[in-house]
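Spelled out, the chains give:
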Amino acid sequence: MKKENLNTINNSGFKAPKDYFEGLEDAILTQAKLEAHSKTVSFKIPDNYFETIEDSIVAKLNKPEPKVFNLFSKKVITSVSSIAAAIVLLFSLNLFKSTPTLENLDTATVENYILDEIEINELDLLIDTSELSQNDFINYDLIEIDDYIDDIELNDLYQD
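Residues numbered from 1 in each chain as written. Predicted model: local features only at pLDDT ≥ 70, side-chain atom pairs only at ≥ 80, totals over all residues. Heavy atoms only, no water.

**Notes on the overall build of the protein chain**
So, step 1. The helix and strand tally for the protein chain stands at eight helices and zero strands.
So, step 2. Traced from its N-terminal end to its C-terminal end, the protein chain shows the element sequence α-α-α-α-α-α-α-α.
So, step 3. Residues classed as buried in the protein chain amount to 1% of the 160 residues present.
So, step 4. Accessible area of the protein chain: about 16,900 Å², with a carbon and sulfur share of 58%. (Helix = DSSP H or I, 4+ residues; strand = E, 2+ residues; numbered from the N terminus. Buried < 20%, exposed > 50% of the residue type's maximum accessible area, 1.4 Å probe, protein only. Areas by Shrake-Rupley, 256 points an atom, 1.4 Å probe, with all protein chains shown as cover.)

And the structure:
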């Protein structure tokens, strides 16, 4: 053979893929098994199927109806609404709110309470008499006190 012919045979363009011959036998056997299974019929009709189908359908149709329960009966609606009312009542009551203290109140609220709710005779309950004595009021000139009150602004009397 000539060298030129040998070169053409090697470079003919036909090559087997890598590891082609190693998996070839398994591929052929798998294909043969698939073809053998595909020739057999996998779906068969049972014997006397068409003769007995009508009787089985009629037997299924003649079954008694199951008992029906109402989801929204009067008893269920009453119990659910009473539970909802109890929850609304629980949150609408002042169970979770703290009682007001003197530190939490503002000056305007206390002032309005004193003016609206307390009688003049009850004002002595607000003043601590242990701190007052008669000697504190004896030697004062009323004109000086009147001038002092005129000079004071109302905002200075309030404590924040």
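Resuming the write-up.
**Structural notes on unusual backbone geometry**
So, step 1. Although it is not a glycine, asparagine 48 sits at a positive phi angle of roughly 60 degrees.
So, step 2. With respect to the helices and strands, asparagine 48 occurs in the loop between helix H2 (24-38) and helix H3 (49-61).
So, step 3. Judged by its relative accessible area of 52%, asparagine 48 falls in the exposed class.

**A closer look at the confidence of the model for the protein chain**
So, step 1. Scored by pLDDT, the protein chain comes out at a mean of 76, with 66% of its residues at no less than 70.
So, step 2. Highest mean pLDDT in the protein chain belongs to helix H4 (residues 74-92) (90); lowest belongs to helix H1 (residues 3-10) (57). (pLDDT = per-residue confidence, 0-100.)

**What to know about the packing of aromatic side chains**
So, step 1. Counted by the stated rule, this structure contains one aromatic pair.
So, step 2. Where tyrosine 49 meets phenylalanine 50, the ring centres are 5.3 Å apart and the plane angle is 75 degrees; that geometry is what we call edge-to-face.
So, step 3. Given the relative accessible area of 37%, tyrosine 49 is considered partly exposed. (Phe/Tyr/Trp six-rings, centres within 6.5 Å; stacked < 30°, edge-to-face > 60°.)

**Focus on a negative patch on the surface**
So, step 1. Taken together, Glu144, Asp146, Asp147, Asp150 and Asp151 make up a surface patch of like negative charges.
So, step 2. One can find aspartate 151 in helix H7 (residues 142-151).
So, step 3. Judged by relative accessible area, which is 66%, aspartate 151 ranks as exposed. (Patch = residues over 30% accessible without salt bridge, like charges linked within 9 Å, V, L, I, M, F, W, Y side chains within 5 Å. Salt bridge = Lys/Arg side-chain N within 4 Å of Asp/Glu carboxyl O. Lys, Arg positive; Asp, Glu negative; His and termini not counted. Charge placed at Lys NZ, Arg CZ, Asp CG, Glu CD.)

**A short note on a nonpolar patch on the surface**
So, step 1. Residues Ile83, Ile87, Leu90 and Phe91 make up a contiguous nonpolar surface patch of about 410 Å² in total accessible area.
So, step 2. Residue placement: leucine 90 occurs in helix H4.
So, step 3. Taking relative accessible area as the criterion, leucine 90 reaches 38% and is therefore assigned partly exposed.

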